[in-house]
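Notes for the structure review
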Amino acid sequence: MSSLLNIAAGGDTGFYEFPIESTLRFDDGVSTYLKRTPASAGNRKHWTWSAWIKLGNLSSDTGTFQTLLSSGTVSTGTNGIFIIYISTDDKLYVYNDANFGGSSQRINTNAVFRDTNAWYHLVVSADADNSTAANRMRIFINGTQQTDLTTTNAFTNIDYGLSATVEHNIGRYRYNSNGFFDGYMAEINFIDGTTLDPTSFAESKNGVWVPK
């Protein structure tokens, strides 16, 4: 299924009445990113992250991973580290180390991100204590759940490093202050305490996946 974010820019407002009027431009050449430290911890077992992204550079071309979302401390501690990123094989990875230096978990898609002209809608949905192992960490691309995944250590009933009272970054790997994203992001949403499907953020219209 194709995805378009700026479909109304061509004037077809009858098709899509709610154009996204602005996006965030991230330039890895000048190390741009956003940061926030929550005043209080959220739900570290149940959350949903959603964003539309458009790549400027391919990680396989630059030889550097690109961070979409990360959190963590720069020293050992109980909050751990968490990162959603596109690696140098152009696949999407979710990595968690709840206690920093302890048992870590990693999952990645086997789908690749190599189209610098396309907008991708990504949803990462956590449900840490779900009785079905495959539903504890779900990844969706343009509304489709990715089932062809590679997992290193199971995402069991744990507290993720995300949503703790530590600095969270969009567009940079917080722990090592590197892995900058290059491209555009829009409609970034983080839903604390709720596990949602992509249809909470977008919908299919005439075979095109568009934001709600």
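Remember, predicted model here, so these are calculated numbers, not experimental data.

Right, let's talk about the sheet that holds strand β14 (residues 183-192) for a bit. Within the open sheet, the six strands sit side by side as β2-β14-β4-β9-β10-β11. Their pairing is antiparallel. Unpaired on one side and paired on the other, β2 (24-26) and β11 (144-145) mark the two borders of the sheet. Of the strand pairs in this sheet, β2 and β14 are connected by three bridges, and their pairing is antiparallel. Among the inter-strand pairings, F26 is bridged to a residue of β14, identified as G183.

Strand pairing in a sheet relies on backbone hydrogen bonds. The paired strands run either parallel or antiparallel. The seven strands are arranged β3-β13-β5-β6-β7-β8-β12 in an open sheet whose pairing can be described as antiparallel. Only two strands of the sheet have a single partner each, and these edge strands are β3 (34-36) and β12 (149-152). Within this sheet the neighbouring strands show an average axis-to-axis angle of 10°, counted without direction. Here β3 pairs with strand β13 (residues 168-170) via three bridges, running antiparallel. In the sheet register, K35 faces β13, and the bridge partner there is N169.

All right, on to the environment of K45 then. Mapped onto the fold, K45 is located in the loop between β3 and β4 (46-55). The class for K45 is partly exposed, based on a relative accessible area of 22%. Along the chain, K45 and N130 lie 85 residues apart, while their C-alpha atoms are 9.7 Å from each other. If we skip the residues at most four places from it in the chain, K45 touches A126, D127, A128, N157, I158, D159 and Y160. One polar contact links K45 to D159, side chain to side chain, over a distance of 3.4 Å.

So, about the confidence of the model for the chain. The predicted model of the chain has a mean per-residue pLDDT of 86, with 84% of residues at 70 or higher. pLDDT under 50 marks residues 6-12. Its contacts with residues more than four places away, or in other chains, come to seven contacts.

The subject of this paragraph is the packing of aromatic side chains. Scanning the entire structure with this criterion turns up twelve aromatic pairs. Pairing Y33 with F180 gives two aromatic rings, centres 6.1 Å apart and planes at 55°, and the pair type is tilted. Linking Y33 in the loop between β2 and β3 with F180 in the loop between β13 and β14, this pair joins segments that are 147 residues apart in sequence. For Y33, a relative accessible area of 28% puts it in the partly exposed group. Here the aromatic rings of W47 and F82 are separated by 5.4 Å at their centres, their planes lie at 85°, and the arrangement is edge-to-face. Here W47 is found in strand β4, whereas its partner F82 is found in strand β6 (residues 81-86), with 35 residues between them in sequence. Over the face of the ring belonging to Y33 we find R172, whose NZ or CZ atom lies 4.0 Å from the ring centre.

The next subject is unusual backbone geometry. At S31, a position not held by glycine, the phi torsion is positive, near 60°. Positionally, S31 belongs in the loop between β2 and β3. Judged by its relative accessible area of 34%, S31 falls in the partly exposed class. You will see that N206, though not glycine, has its phi angle at about 55°, which is positive. Examined against the element boundaries, N206 turns out to sit in the loop between β15 (202-205) and β16 (208-211). N206 sits in the exposed class, given a relative accessible area of 68%.

The next subject is the pattern of salt bridges. Applying the stated criterion across every chain yields a total of five salt bridges. With its nearest N and O atoms 3.2 Å apart, the salt bridge here joins E167 to R172. Taken as a pair, E167 and R172 share a single burial class, namely buried. Linking E167 and R174 is a salt bridge whose minimum nitrogen-to-oxygen distance equals 3.7 Å. Taking relative accessible area as the criterion, E167 reaches 15% and is therefore assigned buried. One continuous salt-bridge network, built from bridges that share partners, spans E167, R172 and R174.

Cut-offs and rules
Residues numbered from 1 in each chain as written. Predicted model: local features only at pLDDT ≥ 70, side-chain atom pairs only at ≥ 80, totals over all residues. Heavy atoms only, no water. Pairing = 2+ DSSP bridges. Helix = DSSP H or I, 4+ residues; strand = E, 2+ residues; numbered from the N terminus. Axes fitted to C-alpha atoms, helices over the stretch in contact; angles between N-to-C directions. Buried < 20%, exposed > 50% of the residue type's maximum accessible area, 1.4 Å probe, protein only. Contact = heavy atoms within 4.5 Å. Polar contact = N/O pair within 3.5 Å; in protein donor to acceptor, adjacent residues only side chain to side chain. pLDDT = per-residue confidence, 0-100. Phe/Tyr/Trp six-rings, centres within 6.5 Å; stacked < 30°, edge-to-face > 60°. Lys NZ or Arg CZ within 6 Å of the ring centre and 35° of its normal. Salt bridge = Lys/Arg side-chain N within 4 Å of Asp/Glu carboxyl O.

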